[in-house]
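Spelled out from the first residue to the last, the chains are:
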Amino acid sequence: MSLTRKRSDLKKRTKTAAEGGGKEAVMKQKAVGKMTARERILAILDPDSFHEYDLFVEHAGKDFDMDKKYLPGDGVVTGTGTVSGYPVCIFAQDFTVAGGSLGWMHAKKITKIMDVATKLNVPLIGINDSGGARIQEGVNALAGYGEIFYRNTQASGVIPQISVILGPCAGGAVYSPALTDFVFVVNKISKMFITGPEVIKTVLGEDISMENLGGAKVHSEITGNAHFYAESEQECFEQIKDLLSYIPWNNTQKALRFQSKAPLTKQYKIDSIFPTNPRQPYDVRDIIKSIADGSTFLEVHERFAPNIVVGFGRIDGNTVGFVANQPLVLAGVLDIDSSDKAARFIRFCDAFNIPLVTFVDLPGYLPGVDQEHGGVIRHGAKVLYAYSEATVPKITVILRKAYGGGYIAMCSHHLKADFVFAWPTAEIAVMGPEGAANIIFRSEIKNAENPEEVRKQKIKEYKEKFANPYVAAAYGYIDAVIDPSDTRDMLVHALSISGQKSVHVFKKKHGIPPF
Ligand code: HXC
C-alpha cells in the first residue's frame, strides 16, 4: 500500500472511531441536553491543544455476543492538552458507545491516562457519563474500577484530581469521583447514586425520581459530594478553568502568581459590611471580598453547609485558601457538615502549598441530640486535625465571636497558626456572656431579690471582663489587635514573610485522622 493510501486508510479509521456510537446515539445524547465526549473535552481545553491517545483500542468482551460488536474507542476518550496554558490529562466517557459502560479496556484507557498524569505531575480531569460496570464483562469491569480507585488514592495529594459528572454515574462508579479533590455537577444532567430508583423501589418499596435521589442539587446541597454546581455544561467548564487558575499543577509547586490587584473597596467597604450591633449577622463573603485581590473569590462547596465558607482568592497576587465562619447561617456554628467541609478544604490547601487565611466569628459547636448522635465529636475533630496537621502558612483573624471549642478549632495559636490577629470587636471566651453568667453566677442570680436584674448585671460584668480581645492578647494568644481596615496590609505582610516557613513533622508513615 502506498503512503497516500495508508494516509487515507488512517483518516477513514480515525473518522469512524471518532464518530463514537453513531448519529442516532449522538442525537439521543443531544436530545437530553448533553454534549458529546469530544465536544466536552474541546470545550474545556485550549483551542487546538487536545491530543487524543488510544483511539483504536478495542473492547475485550467476548460473552453475550460482545465479540461481534464494535465499540469505538471502547466508550472513552483520553488524551492530554492545556487549560490556559496549563498541561492537563483528561478523559471523557462516551455515553453514545454502550452507554459509556466500563469494560476492561475502557478502564485500561483511563488508568493509562491516570498513570501519565502522575508521571508528568499534571492535573487530571475525568468526565463521567456512564451506565457503570459493563454488565457483559462481569468481574473484568469490577477489576477495572478497582484499578481506577487505587490510582485515585495514590494520586491523592500529589496531583489535583477533578471529576465532572455529566450524565449517570451509578453503582460503584461513584467512588472514583468521591476519591478525587473536586466534583462538578450540572443541573438536570448529573445523576449519582449507589443504587438507583428501581432497586430502591424493589428493596424498600419507596418511590423516588433519579433527580431527587442523586441529582445535581441533591449532591451540591445535601450530601456534599459535589463541590461546584452549574446550570449548564458550558458554565461548568468555565468553573473548572477558573479553579485551575488558583491551584498548582502538583504538590511540589505553588499556584501561578498573578498581578496583585487592590480590592474594590467602594463596593466592599469593611465599615459598611461589618455591623456595629454584635448580634447582627453579616455576609462574611463580603469581608473576604473586601480583602482579596480584585474582590474576587471562588467559593468551593457554596451550596453545602453554608454556615462555613471556604474557597480560593488571591492576596498580593498569590493564591490563598479562605476559611470563614458565616454568621448569616446558624450564626456560623461548626456542626457535622461544616466540619467535614472545612477539614477537607484545609487538607487540600495543605497538600498543594496554598496558605490558609481563617476568619473567625462563631459561637462554638452546634448543640443538639442530632448532632451528638450524628457524631459531631468525630466530625468536629477533623477540623482540629486538619488545622494542626497543616504546615502551610496559617494566618487567622478573629472578627467577632471566638467562643469555646470554636476558638480553638478555628486555627488558634494553639493549633500552630503562624499569626493570629483580632479586630477590636473580637470576643474570646469559653462561652457567650449569657450562658456563662447563668452558670457561674447561678446561685447568686437564684437567691437575689431581683434575679433578672442581677442576671443582667452579671452578664455585663462577664462581657466587660472577657468579651474583648485583650485578655487573650495579654497571654500572647493574639499577636496583634488590629484596625479592621489594616487587615489586608497585615495579611500581605504576614504571607510574604511566611514564604520560607518550615515545620518539624514527626517521622511517621501517616497519621490517623478521625475519618
Ligand atoms: C452494559 C449498558 C450499561 C451497562 C447502559 N448500557 N448501561 N451496557 N452495561 N452497565 C447500554 C444500554 O444497554 C444501551 O445499549 C445503552 O447503553 C444506552 O442505555 P439506555 O438504557 O438506552 O440509556 P438511558 O435510557 O439513558 O439510561 C441510562 C441508565 C441505564 C440509567 C444508565 O442504562 C441503566 O440503568 N443502566 C444500568 C445501570 C447499572 O445498573 N449499572 C451497573 C451498576 S453496578 P443499546 O445497545 O441499547 O444502545 C456497578 C458496579 C461497579 O457499576 C462496582 C465498582 C466497585
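All of the points below concern the structure found in this document. On a predicted model such as this, the values are computed, not experimentally measured, just so you know.

Observations concerning the overall build of the protein chain
Summing up its helical and strand segments, the protein chain has 21 helices and 16 strands in all. Its C-alpha atoms give the protein chain a radius of gyration of 26 Å, near enough to 24 Å, the size a compact globule of 515 residues would have. Structurally, the protein chain occupies a C-alpha span of about 100 × 55 × 50 Å along its principal axes. Here the protein chain holds 515 residues, and 51% of them are scored as buried. Considering only contacts in the protein chain between residues 6 or more positions apart, those separated by 24 or more positions represent 73%. Within the structure as shown, the protein chain displays about 24600 Å² of accessible surface, and the carbon and sulfur contribution to it stands at 56%. Taking the average place of the 59 positive charges on the side chains of the protein chain and the average place of its 57 negative ones, the gap between the two points comes to 5 Å.

A short note on the state of the cysteines
Scanning the model with the defined rule gives zero disulfides in all. Note on cysteine 236: no disulfide assigned, nearest cysteine sulfur contributed by cysteine 169 at a separation of 13 Å. On the accessibility criterion, cysteine 236 (0% relative accessible area) is buried. Among the cysteines around cysteine 411, which has no disulfide bond, cysteine 349 carries the closest sulfur, lying 11 Å off.

Quick look at the site of the ligand
Taken together, 18 residues lie near the ligand, and Lys28, Gly99, Gly131, Ala133 and Ile135 sit nearest. The separation between a nitrogen atom of the ligand and a polar main-chain atom of glycine 131 is 2.6 Å. The separation between a nitrogen atom of the ligand and a polar main-chain atom of isoleucine 135 is 3.1 Å. About the coverage of the ligand: the protein hides 52% of its 1000 Å² of free accessible area. When residues of the shell around the ligand are traced back to their parent elements, those giving at least two are α5 (139-155) and β5 (161-170).

Considerations on a nonpolar patch on the surface
A cluster of nonpolar side chains, contributed by Val430, Met431, Ile439 and Ile440, occupies part of the molecular surface with about 390 Å² of accessible area. Relative to the helices and strands, methionine 431 resides in the loop between β15 (427-429) and α17 (433-440).

Concerning the packing of helix α13 (residues 336-351) against helix α15 (residues 376-389)
The interhelical angle for the contact between α13 and α15, taken along N-to-C directions, is 20°, at an axis separation of 8 Å. In terms of orientation, α13 lies roughly parallel with respect to α15. Here α13 runs over α15; the crossing is left-handed. Facing Ile336, Ser339, Asp340, Ala343, Ile346, Arg347 and Asp350 of α13, the residues of α15 in contact are Val376, His379, Gly380, Lys382, Val383, Ala386, Tyr387 and Glu389.

A closer look at the side chain of serine 295
If you trace the backbone, serine 295 turns up in the loop between α12 (284-291) and β9 (297-300). Accessibility expressed as a relative area gives 8% for serine 295, which makes it buried. Within the structure, serine 295 has its side chain in polar contact with the backbone nitrogen of leucine 264 (distance 2.7 Å). Once you skip the residues sitting within four places of it in the chain, serine 295 turns out to touch Pro263, Leu264, Tyr268 and Lys289.

Points about the pairing of strand β6 (residues 182-186)
Burial runs high along β6: five of the five residues are buried. Both faces of β6 are covered, namely the face carrying Phe182, Phe184 and Val186 and the face carrying Val183 and Val185. As defined by bridge partners, β5 adjoins β6 across four bridges and the pair is classed as parallel. Counted as the bridge partner of serine 163 is valine 183 from β6. Relative to strand β8 (residues 228-230), β6 is paired through three bridges, and the arrangement is parallel. Paired with phenylalanine 184 across the two strands is phenylalanine 228, which belongs to β8.

About the criteria used
- Residues numbered from 1 in each chain as written.
- Predicted model: local features only at pLDDT ≥ 70, side-chain atom pairs only at ≥ 80, totals over all residues.
- Heavy atoms only, no water.
- Helix = DSSP H or I, 4+ residues; strand = E, 2+ residues; numbered from the N terminus.
- Rg over C-alpha atoms; globule rule 2.2 N^0.38 Å.
- Buried < 20%, exposed > 50% of the residue type's maximum accessible area, 1.4 Å probe, protein only.
- Contact = heavy atoms within 4.5 Å.
- Areas by Shrake-Rupley, 256 points an atom, 1.4 Å probe, with all protein chains shown as cover.
- Lys, Arg positive; Asp, Glu negative; His and termini not counted.
- Charge placed at Lys NZ, Arg CZ, Asp CG, Glu CD.
- Disulfide = S-S within 2.5 Å.
- Near = heavy atom within 4 Å.
- Polar contact = N/O pair within 3.5 Å; in protein donor to acceptor, adjacent residues only side chain to side chain.
- Patch = residues over 30% accessible without salt bridge, like charges linked within 9 Å, V, L, I, M, F, W, Y side chains within 5 Å.
- Salt bridge = Lys/Arg side-chain N within 4 Å of Asp/Glu carboxyl O.
- Axes fitted to C-alpha atoms, helices over the stretch in contact; angles between N-to-C directions.
- Parallel < 35°, antiparallel > 145°, perpendicular 65-115°, else oblique.
- Left-handed = near helix turned anticlockwise from the far one by under 90°.
- Pairing = 2+ DSSP bridges.

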